[in-house]
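Secondary and tertiary structure notes
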Amino acid sequence: MKSVLMFAALALGPLADVSTGGPIVIAPDASATDALAASELRHYLLLSTGVDCPVVTNDSATGSFEIGTARARKALAAHGIVGLQDEECAYAVDGGCVALAGGGAAGNAYAVYAFLEREIGCKWLTIAGDESVPRRSGLAFRDGTVHRERPRLAYRSVLSIGAPWKADSSDWLFLFRNRLNQIAGNFENPVRKDLKGALVPRLKSLSPFCHSLFHYMPPK
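Bear in mind that the values here come from a model prediction, so they are computed numbers and not experimental data.

**Comments concerning the overall build of the chain**
Each helix and strand counted, the chain has five helices and eleven strands in total. Per-residue burial for the chain yields a buried fraction of 47% across its 220 residues. For the chain, the proportion of contacts with a sequence separation of at least 24, taken over those separated by at least 6, is 66%. Accessible surface for the chain amounts to roughly 10800 Å². Of this, 55% is attributable to carbon and sulfur atoms.

Structure representation (structure tokens):
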């Protein structure tokens, strides 16, 4: 299930070439979720293009990709994107830099996944790890490209994995990449050590969410 597109625009500017493998910049105090997002961006850019963009956490560093930094939000603001709400995200290609940011704990990661889907063509297909990563000859994106989106549904979950509390880390990562936020259980039960604290649900429980007919239509 993909997030529903709320706004998208494309300005036909020149190609912004970021094929030199410039760094992916996150804040020095970046959350575990933002660090995961940077790692995911690096991983899929390398798979797609062979270009390795190192992740750096340095206030003075400028990069080909800025995730959730002050510079990223300033670049988005220049395109009229401000006040991103919880789980809303956006990215913009501006002057050879890709600025990515979002609202709430998961917003920056959602911006990365939206970028990977729309600009690289990545698709995460099954919990078994099946995915589609198109091969590209380089990293050049249309300067002025702007995209903004927010999920239309507040609660997004699938039960194809069975009981949520029985899922393993690969299941959780698949759900997170597809911006599902769970309504039962949570993303920590169980989870790999390197994912601990990184997979952010919108909420851990919603009641009633199942076996709830009598709650809405009492039998008497």
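**Some thoughts on helix H1 (residues 32–49)**
With 18 residues, H1 extends 26 Å between its outermost C-alpha atoms, agreeing within 8% with the 26 Å of an ideal straight helix rising 1.5 Å per residue. When we look at burial in H1, the residues that qualify are Thr33, Asp34, Leu36, Ala37, Ala38, Glu40, Leu41, Tyr44, Leu45, Ser48 and Thr49.

**Focus: the nonpolar core**
By size, the foremost hydrophobic cluster in this structure holds 43 residues, and its most contacted members are Leu41, Phe65, Leu100, Phe115 and Leu116. Counting residues per element, the ones that place at least two in this core are H1, strand E5 (65–67), strand E6 (89–94), strand E7 (97–102), helix H3 (107–120) and helix H4 (169–177). Among the elements that make up this core, the one with the highest residue count is H3 (nine residues). If we skip the residues at most four places from it in the chain, Leu41 touches Ile24, Phe65, Ile67, Val112, Phe115 and Leu116. The next biggest cluster of nonpolar side chains, apart from the first, holds ten residues, and it includes Ala75, Leu76, Leu84 and Ala99.

**Let's talk about unusual backbone geometry**
The phi dihedral of Glu87 falls on the positive side, at around 75°, and the residue is not glycine. Overall, Glu87 belongs to the buried group, its relative accessible area being 6%. In this structure, Arg179 is a non-glycine residue whose phi angle is positive, near 60°. For Arg179, the location among the structural elements is in the loop between H4 and helix H5 (213–216).

**Considering the packing of aromatic side chains**
For the structure on display, the rule yields seven aromatic pairs. Ring geometry for Tyr44 against Trp124: centres 5.7 Å apart, planes inclined by 80°, an arrangement best described as edge-to-face. Separated by 80 residues along the polypeptide, Tyr44 in helix H1 and Trp124 in strand E8 (residues 123–124) bring together distant segments of the chain. Accessibility classification places Tyr44 together with Trp124 in one group, the buried group. Measuring from ring centre to ring centre gives 5.4 Å for Tyr113 and Trp124, while their planes differ by 85°; the resulting arrangement is edge-to-face. Here Trp124 lies in strand E8 and Tyr113 lies in helix H3, a separation of eleven residues in the sequence. We note that Tyr113, like Trp124, is buried.

**Some remarks on the packing of H1 against H3**
For the pair H1 and H3, the least separation of the axes is 8 Å and the interaxial angle reads 15°. With respect to their mutual orientation, H1 and H3 come out roughly parallel. For the pair H1 and H3, the crossing hand works out as left-handed. Packed against H1, whose contacting residues are Thr33, Asp34, Leu36, Ala37, Glu40, Leu41, Tyr44, Leu45 and Ser48, the element H3 presents Asn108, Ala109, Val112, Tyr113, Phe115, Leu116 and Ile120 at the interface. Looking at the contact of H1 with H3 residue by residue, the class counts come to eleven nonpolar, three polar and two charged.

Conventions and cut-offs
- Residues numbered from 1 in each chain as written.
- Predicted model: local features only at pLDDT ≥ 70, side-chain atom pairs only at ≥ 80, totals over all residues.
- Heavy atoms only, no water.
- Helix = DSSP H or I, 4+ residues; strand = E, 2+ residues; numbered from the N terminus.
- Buried < 20%, exposed > 50% of the residue type's maximum accessible area, 1.4 Å probe, protein only.
- Contact = heavy atoms within 4.5 Å.
- Areas by Shrake-Rupley, 256 points an atom, 1.4 Å probe, with all protein chains shown as cover.
- Expected span 1.5 Å × (residues − 1).
- Core = buried A, V, L, I, M, F, W, Y, C linked by side-chain atoms within 4.5 Å.
- Phe/Tyr/Trp six-rings, centres within 6.5 Å; stacked < 30°, edge-to-face > 60°.
- Axes fitted to C-alpha atoms, helices over the stretch in contact; angles between N-to-C directions.
- Parallel < 35°, antiparallel > 145°, perpendicular 65-115°, else oblique.
- Left-handed = near helix turned anticlockwise from the far one by under 90°.
- Nonpolar A, V, L, I, M, F, W, Y, C, P; charged D, E, K, R; others polar.

The values are spatial; any link to function lies outside them.
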